[in-house]
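Topology and contacts: notes
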Amino acid sequence: MMKNKVILRDVNEDDLAIFFDQQLDMTASYMAAFTAKDPADKDAFNAHWEKILDDEKIAKKTIIFYGQVAGQVLSFEQFGETEVSYWIGREYWAKGVATRALSQLLDYVKIRPLYARAVKDNIASIRVLEKCGFKVCGEDKGFSNARAEEVEEYILKLPY
């Protein structure tokens, strides 16, 4: 059986409409927890992505799965550390897409240590991070717009 084909490429303007639609998925937003205050606000979404695209310090890649835009994977600075983040369209969940995409990003982003955050009940995302070598190194709490409440999260670290 052929392995799932996952390719990373630079984000382009056409990807943004797909990213916007993906983040409107309420189940995906709930799992991600830390989302925009109003996911339906396209102007806010576009302004956010304009900043991302203009920032050369942010590694931003579109995830392509068998020729389709499946999501995005990023590396950026937050709280004085370099972190990774990803968003996978729900129709691509449980196919190994996130693990393969993050693994490829880790080949591209050489900074170590790297950090990631995942809400404690997002078992699938925690598993993706662990498969890529991240280990839980701490905990934090933050307000989740998607859940309208404070949630607990794990901080994970990919060491040197």
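An account of the accompanying structure is given in this report. (Residues numbered from 1 in each chain as written. Predicted model: local features only at pLDDT ≥ 70, side-chain atom pairs only at ≥ 80, totals over all residues. Heavy atoms only, no water.)

1. Section: the nonpolar core
Core analysis: the largest hydrophobic core is formed by 28 residues, its most contacted members being Ile 63, Leu 102, Leu 129 and Phe 134. Looking at this core, the elements with two or more residues in it are strand S1 (6-10), strand S2 (59-65), strand S3 (68-78), strand S4 (81-88), helix H4 (97-108), strand S5 (114-119), helix H5 (123-131) and strand S7 (149-158). Counting residues per element, this core draws most heavily on H4, which supplies six residues. In this structure Leu 102 touches Val 73, Val 84, Tyr 86, Val 128, Leu 129, Cys 132 and Phe 134, once residues within four positions along its chain are discounted. Formed by twelve residues, the second largest nonpolar core is a distinct cluster that contains Val 11, Leu 16, Trp 49 and Ile 52. (Core = buried A, V, L, I, M, F, W, Y, C linked by side-chain atoms within 4.5 Å. Buried < 20%, exposed > 50% of the residue type's maximum accessible area, 1.4 Å probe, protein only. Helix = DSSP H or I, 4+ residues; strand = E, 2+ residues; numbered from the N terminus. Contact = heavy atoms within 4.5 Å.)

2. A short note on the packing of helix H1 (residues 13-23) against helix H3 (residues 42-54)
Between H1 and H3, the least distance of the axes is 11 Å, while the angle of their chain directions is 130°. In terms of orientation, H1 lies oblique with respect to H3. Relative to H3, the crossing made by H1 is right-handed. Here Glu 13, Leu 16, Phe 19, Phe 20 and Gln 23 of H1 lie close against H3, whose contacting residues are Lys 42, Phe 45, Trp 49 and Leu 53. (Axes fitted to C-alpha atoms, helices over the stretch in contact; angles between N-to-C directions. Parallel < 35°, antiparallel > 145°, perpendicular 65-115°, else oblique. Left-handed = near helix turned anticlockwise from the far one by under 90°.)

3. Notes on a negative patch on the surface
A contiguous patch of negative charge on the surface is contributed by Glu 13, Asp 14, Glu 50 and Asp 54. Listed by contribution, the elements that provide at least two residues to the negative patch are H1 and H3. Here Glu 13 is to be found in helix H1. Exposure remark for Glu 13: the relative accessible area of 59% places this residue in the exposed category. (Patch = residues over 30% accessible without salt bridge, like charges linked within 9 Å, V, L, I, M, F, W, Y side chains within 5 Å. Areas by Shrake-Rupley, 256 points an atom, 1.4 Å probe, with all protein chains shown as cover. Salt bridge = Lys/Arg side-chain N within 4 Å of Asp/Glu carboxyl O. Lys, Arg positive; Asp, Glu negative; His and termini not counted. Charge placed at Lys NZ, Arg CZ, Asp CG, Glu CD.)

4. With respect to the packing of H4 against H5
Where H4 meets H5, the closest approach of the two axes is 9 Å, and the angle between their N-to-C directions is 40°. Considering their axes alone, H4 and H5 lie oblique with respect to each other. Of the two possible hands of crossing, H4 and H5 adopt the one that is right-handed. Taken together, the residues of H5 that come into contact with H4 (itself represented by Ala 98, Thr 99 and Leu 102) are Val 128, Leu 129 and Lys 131.

Honestly, it's all geometry; don't read function into it.
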